[in-house]
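Overview (structure and organization)
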Amino acid sequence: MSFQPVVPFGGYSGWAFLNRTKDAQMETFRGSADIQRDVDYFKENIGKVKTAEDLVSDRTLRKVVLGAFDLDGDMDNIYFVQKVLSDGILDDGALANKLSDTRYYDMAKALGFDLSVPNTVMSTFPDEIAAKFEEQQFEIAVGDQDSNMRLAMSLDRELSKIADKSTTDNGRWYSVMGNTAVRSALETALGLPSSLGSLDLDQQLSEFREKTERYFGSSEVSQFSDPDARQEMLRLFLVRADIQSSRTQYSSAANALTLLSGSY
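Here goes a summary of the coordinates provided. (Residues numbered from 1 in each chain as written. Predicted model: local features only at pLDDT ≥ 70, side-chain atom pairs only at ≥ 80, totals over all residues. Heavy atoms only, no water.)

**Here we look at the overall build of the protein chain**
- Summing up its helical and strand segments, the protein chain has 13 helices and 0 strands in all.
- When the helices and strands of the protein chain are listed from N to C terminus, the series reads α-α-α-α-α-α-α-α-α-α-α-α-α.
- For the C-alpha atoms alone, the extent of the protein chain along its principal axes is close to 65 × 45 × 40 Å.
- Scored against the burial criterion, the 264 residues of the protein chain give a buried share of 44%.
- Put simply, of all contacts in the protein chain between residues at least 6 apart along the chain, 60% involve residues at least 24 apart.
- Total accessible area on the protein chain stands at roughly 13600 Å², and carbon and sulfur atoms take up 50% of it.
- When the 28 basic and 41 acidic side-chain charges of the protein chain are each reduced to a single mean position, those positions are 2 Å apart. (Helix = DSSP H or I, 4+ residues; strand = E, 2+ residues; numbered from the N terminus. Buried < 20%, exposed > 50% of the residue type's maximum accessible area, 1.4 Å probe, protein only. Contact = heavy atoms within 4.5 Å. Areas by Shrake-Rupley, 256 points an atom, 1.4 Å probe, with all protein chains shown as cover. Lys, Arg positive; Asp, Glu negative; His and termini not counted. Charge placed at Lys NZ, Arg CZ, Asp CG, Glu CD.)

**Structural notes on the environment of Val7**
- Locating Val7 in the fold gives a position in the segment before α1 (11-30).
- Distance from Val7 to Ile129, taken between C-alpha atoms, is 26 Å for residues 122 residues apart in sequence.
- Those residues in contact with Val7 that lie beyond four places of it in its chain are Val142, Gln145, Asp146 and Met149.

**Remarks on the nonpolar core**
- By size, the foremost hydrophobic cluster in this structure holds 68 residues, and its most contacted members are Leu55, Met107, Leu111, Leu155, Leu186 and Met233.
- Leave out the neighbours within four places in its chain, and Met107 touches Val65, Leu66, Phe69, Leu71, Val81, Val84 and Leu85. (Core = buried A, V, L, I, M, F, W, Y, C linked by side-chain atoms within 4.5 Å.)

**A few points about a nonpolar patch on the surface**
- Residues Val117, Val121 and Met122 make up a contiguous nonpolar surface patch of roughly 220 Å² in combined accessible area.
- Within the secondary structure, Met122 is located in the loop between α7 (102-111) and α8 (125-145).
- A relative accessible area of 39% places Met122 in the partly exposed class. (Patch = residues over 30% accessible without salt bridge, like charges linked within 9 Å, V, L, I, M, F, W, Y side chains within 5 Å. Salt bridge = Lys/Arg side-chain N within 4 Å of Asp/Glu carboxyl O.)

**Considering the side chain of Thr120**
- Looking at where Thr120 falls in the secondary structure, it is placed in the loop between α7 and α8.
- In this structure Thr120 comes out as buried when scored by relative accessible area, which is 0%.
- In terms of polar contacts, Thr120 uses its side chain to reach the backbone carbonyl oxygen of Val49, at 2.7 Å. (Polar contact = N/O pair within 3.5 Å; in protein donor to acceptor, adjacent residues only side chain to side chain.)

**Regarding the side chain of Lys211**
- Locating Lys211 in the fold gives a position in helix α12 (residues 201-216).
- Beyond its immediate chain neighbours, meaning those up to four positions away, Lys211 contacts Leu190, Gly191 and Leu192.

What follows is the structure, given as structure tokens:
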């Protein structure tokens with residue numbers, strides 16, 4: 001059995017505890033037999049992989065690569081994954097460039113099967129992907145204890161990367177909206193409904209900008225390269241998520257009480 005992360009309480013206090021203990025917990029998690037087995041196999045065999053077909057035909061290699069980019073749910077979508085990886089990102093018509101979920105772009109770029117020499121044969125590649133796999137699997141394990149903590153971890157890491165992107169701020173916002181975890185966390189933090197996604201993209205952008213300026217004094221994503229601004233967004237997310245959770249629990253308890261009262 002894998003080590004299960006310790007998340008003794010929710011909310012921002014739980015986040016503070018997780019941050020204090022993360023390095024120690026990660027070290028123990030990394031040593032779990034199943035994680036170690038997959039990582040060792042990956043490091044020993046990924047250098048032999050030259051094409052997307054080579055990769056997807058090996059279940060363990062596929063598992064580690066998809067797991068590294070938080071795409072575990074695509075384990076059985078073999079031909080789709082092969083298409084994303086074989087297309088790469090250099091061609092504007094590549095599949096990864098058309099998908100709104102930026103995780104596919106990141107994965108295709110990292111493996112580089114559209115390059116003359118793929119990144120899989122580079123000496124630093126095995127350690128880089130293995131580290132990402134371990135980090136993502138730890139986050140999944142944290143999410144099994146508290147789903148909001150997993151979202152907070154994704155938000156902290158991914159929002160920082162998006163904020164530092166060399167692009168326009170609208171471009172950064174499109175990256176936010178294309179990242180499932182970051183978008184979900186920001187919708188909660190900013191009090192936006194999940195139905196926002198049904199609106200025109202420009203309207204969505206306007207809503208995100210307006211709410212962000214209201215709470216942070218600026219609508220620019222680039223402000224979240226500052227750790228203090230990012231922590232304030234995390235605090236806002238965890239407080240609002242805690243309130244939503246409490247309301248759901250209260251509503252469920254009230255409904256149960258109503259049903260019980262009606263039975264007498």
